[in-house]
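Summary of the model geometry
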Amino acid sequence: MKPICVSCRRFFRAKKIGYYFIEGMPKGNDAPPGNAEPEKWSPYKLWVGDLWECEGCFDQIVVGTGLHPIAEHYQAGFAERIKTLGADFQVNDC
C-alpha cells in the first residue's frame with residue numbers, strides 16, 4: 001500500500017527512488033529541535049530512502065530508509081560521500 005495523504009485523501013506518489021539525506025546532531029546542549037537554528041546542528045548520519053509527494057497538496061515524505069544508515073560521521077570519507085551522493089537535505093530533530 002502506498003502512503004496516504006490524510007489532508008487530501010490521496011495516495012502519495014514516488015518522486016525519487018534513492019533519495020540521499022543527512023540526519024543531524026546537536027553541536028551542543030543548547031541546540032533546539034527542528035530547523036529553528038540549523039547552524040547549531042552538524043551532519044551525523046547519511047541515509048537513503050525514497051521521496052514521495054502528494055499530487056494534491058505537494059507535501060513530501062521520505063520512506064523506506066531501512067534499519068541502518070549508509071555512513072556515519074566518524075567514518076573516513078563521510079563528508080566526501082555526502083557531496084558525491086548529493087545529499088543536501090538535513091533532518092535536525094532528536
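Description of the structure in this document.

Procedures and definitions
- Residues numbered from 1 in each chain as written.
- Predicted model: local features only at pLDDT ≥ 70, side-chain atom pairs only at ≥ 80, totals over all residues.
- Heavy atoms only, no water.
- Phe/Tyr/Trp six-rings, centres within 6.5 Å; stacked < 30°, edge-to-face > 60°.
- Buried < 20%, exposed > 50% of the residue type's maximum accessible area, 1.4 Å probe, protein only.
- Salt bridge = Lys/Arg side-chain N within 4 Å of Asp/Glu carboxyl O.
- Helix = DSSP H or I, 4+ residues; strand = E, 2+ residues; numbered from the N terminus.

Our next topic: the packing of aromatic side chains. For the structure on display, the rule yields two aromatic pairs. Ring centres of Tyr19 and Phe21 lie 6.5 Å apart, and the angle between their planes is 25°; on these two criteria the pair is classed as stacked. On the basis of relative accessibility, which here comes to 16%, the residue Tyr19 falls in the buried class. Look at Phe21 and you get buried, because its relative accessible area is 9%. Taking the centre distance of 6.5 Å and the plane angle of 45° together, the rings of Tyr19 and Phe89 count as tilted.

Inspection of every chain in the model, using the stated rule, returns three salt bridges. Of the charged contacts, one joins Arg10 and Glu55 as a salt bridge, the two residues approaching to 3.9 Å between their closest N and O atoms. Taken as a pair, Arg10 in strand β2 (residues 10–26) and Glu55 in the loop between β3 (41–54) and β4 (60–63) lie far apart in primary sequence, 45 residues in all. Under the relative-accessibility criterion, Arg10 is labelled partly exposed at 37%. Under the relative-accessibility criterion, Glu55 is labelled partly exposed at 44%. For Glu53, the salt bridge is made with Lys15, and the minimal N-O distance between the two is 3.2 Å. Pair noted here: Glu53 is in strand β3 and Lys15 is in strand β2, with a separation of 38 residues, a long-range link. Residue classification places Glu53 among the buried positions, given a relative accessible area of 16%. Sharing partners across several salt bridges, the network here consists of Arg10, Arg13 and Glu55.

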